Amino acid sequence: MLAIIGGSSLYALAAMHITQRVDVGTPYGAPSGALIHGHLSQREVLFLARHGEGHRLPPHKINYRANVWALREQGATAIIAIATVGGIGAAFAPGTLALPDQLIDYTWGRPATYYDGDGSGDGGDPVTHIDFTQPYDARLRARLLRAAHALHESLHDGGTYAATQGPRLETAAEIRRLARDGVDMVGMTGMPEAALARELGLPYAALTLIVNAAAGTGDSGNRVDLPAAERLARAAMARVERILETVVCDGG
Ligand code: HPA
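Throughout what follows, the structure given in this document is the object of discussion. (Residues numbered from 1 in each chain as written. Predicted model: local features only at pLDDT ≥ 70, side-chain atom pairs only at ≥ 80, totals over all residues. Heavy atoms only, no water.)

### What about the overall build of the chain?
What counts is decided by this rule: Here a strand is any run of E in DSSP of at least two residues, a helix any run of H or I of at least four, and the numbering for each starts at the N terminus. The globule rule used for comparison is 2.2 Å times the number of residues to the exponent 0.38, while the radius of gyration itself is calculated over C-alpha atoms. Exposure categories follow from relative accessible area, calculated using a 1.4 Å probe and restricted to protein chains: below 20% of the type maximum is buried, above 50% is exposed, and the middle band is partly exposed. We call two residues in contact when some of their heavy atoms are within 4.5 Å. Working definition of accessibility: Shrake-Rupley area with a 1.4 Å probe, residue cover restricted to the visible protein chains.
Scanning the chain for helices and strands turns up five helices and 11 strands. What you see for the chain is a C-alpha radius of gyration of 17 Å, in line with the 18 Å of a compact globule of 252 residues. C-alpha atoms of the chain, sized along the principal axes, occupy 45 × 40 × 30 Å. Taken across its 252 residues, the chain has 50% of its residues classed as buried. Summarising the internal contacts of the chain: among those between residues at least 6 apart in sequence, 79% fall at separations of at least 24. On the chain, roughly 11,100 Å² of surface is accessible, and the fraction owed to carbon and sulfur atoms is 51%.

### Concerning the pattern of salt bridges
Going by this rule: Any Lys or Arg side-chain nitrogen located within 4 Å of an Asp or Glu carboxyl oxygen qualifies as a salt bridge.
With the rule as written, the count across this model stands at seven salt bridges. Put simply, glutamate 153 and arginine 239 hold a salt bridge, and the shortest N to O gap is 3.1 Å. Pair noted here: glutamate 153 is in the loop between helix 2 (138-150) and strand 8 (156-157) and arginine 239 is in helix 5 (residues 226-247), with a separation of 86 residues, a long-range link. Glutamate 230 is paired through a salt bridge with arginine 234; the nearest N and O atoms lie 3.2 Å apart. With glutamate 230 and arginine 234 both in helix 5 and four residues apart, the pair spans about one turn of that helix. For glutamate 230, a relative accessible area of 46% puts it in the partly exposed group.

### Some remarks on the site of the ligand
Filter applied, for reference: Proximity is defined per residue: if any heavy atom of the residue lies within 4 Å of a molecule or strand, that residue is considered near it. The term polar contact refers here to a pair of N or O atoms within 3.5 Å; inside protein, the definition further demands a hydrogen-donor-capable atom paired with an acceptor-capable atom, and it admits residues adjacent in sequence only when both atoms are side-chain atoms. Amino acids outside the nonpolar list (Ala, Val, Leu, Ile, Met, Phe, Trp, Tyr, Cys, Pro) and the charged list (Asp, Glu, Lys, Arg) are all regarded as polar, and Gly is one of them.
In the region of the ligand, the neighbouring residues are Thr84, Val85, Gly86, Leu169, Glu170, Val186, Gly187, Met188, Val211 and Asn212. At a separation of 3.2 Å, a nitrogen atom of the ligand approaches a polar backbone atom of glycine 86. A distance of 3.3 Å separates a nitrogen atom of the ligand from a polar atom in the backbone of valine 186. Protein coverage of the free-state accessible area of the ligand, which is 260 Å², stands at 90%. Of all elements in the fold, only strand 5 (78-87), strand 10 (185-187) and strand 11 (204-213) reach the threshold of two or more residues within the shell around the ligand. Here the shell around the ligand takes three residues from strand 5, the largest share from any one element. Across the shell around the ligand, the residue classes tally to five nonpolar, four polar and one charged.

### So, the packing of aromatic side chains
The line we're drawing: Each pair of aromatic rings taken from Phe, Tyr and Trp, with Trp reduced to its six-membered ring, is defined by centres within 6.5 Å and is described as stacked if the planes are under 30 degrees apart, edge-to-face if over 60, and tilted in the remaining cases.
The final tally for this structure, using the stated rule, is four aromatic pairs. Between tyrosine 28 and tyrosine 114, the aromatic rings sit 5.1 Å apart at their centres with planes inclined by 65°, giving edge-to-face as the arrangement. In this pair, tyrosine 28 sits in the loop between strand 2 (17-22) and strand 3 (35-40) while tyrosine 114 sits in the loop between strand 7 (102-105) and helix 2, placing the two residues 86 residues apart along the sequence. Looking at tyrosine 28, the relative accessible area reads 17%, which means it is buried. Looking at tyrosine 114, the relative accessible area reads 1%, which means it is buried. Taking 5.3 Å as the distance between ring centres and 50° as the angle between the ring planes, the aromatic pair formed by tryptophan 69 and tyrosine 114 counts as tilted. Of the two residues, tryptophan 69 sits in helix 1 (residues 64-73) while tyrosine 114 sits in the loop between strand 7 and helix 2, which places them 45 residues apart along the sequence. Among the aromatic residues, those joined into a cluster by ring pairs are Tyr28, Trp69 and Tyr114.

Shown next, in the form of structure tokens:
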């Protein structure tokens, strides 16, 4: 069953027929909120709002381990993560939908693994390294691209996502450094979520919506207009939801 993690401005799926809300406990504590079971385009799906209901949780306080664990426990076999981001460069202008193919993790202090080295990890092995060369699942990415194509919706194929700590936005100098690192889009929640999904063997892909030019770039030269970013996110999320409605029909 496909699971969808909704980010800022996506706290529920309008077209989802909800059958059950489940409060799940995990060995890592409580997830962000109830896990929502239901159907989207007649297919079973699972939904979780990453920031909780009413956007309670800032990015660094989200219990990513509990979220990913709970989704798997409730039957998720793959995860599509939705996130709003800041874009760097003309190809990642506000309003663009993107499907990153790489990431760089700049976060710190977040519990970021199920393998803490004390034997409590899911695999039972005290020291476990996972391959993360390709952080996003190729088949899931291909499904998202097919869905967007079928809808004549443009979806930028590829790009490097940077996960920053937040909750503040970046300085212009930090964005210049990220650009030098090869980053195309900046968000605060993509890690450790993606790595945790890999640790549990769950295919994971991120679908991002660029809601502002990153700090110091484009029309964010002097400041990032956050209310404008929020308005764009709310208006454009319907496009994301249409892609999700289409992607669930394509099991391959
Ligand atoms: N930076 C970090 N996270 C974000 C941004 C940004 O500019 N926009 C939306 N999420």
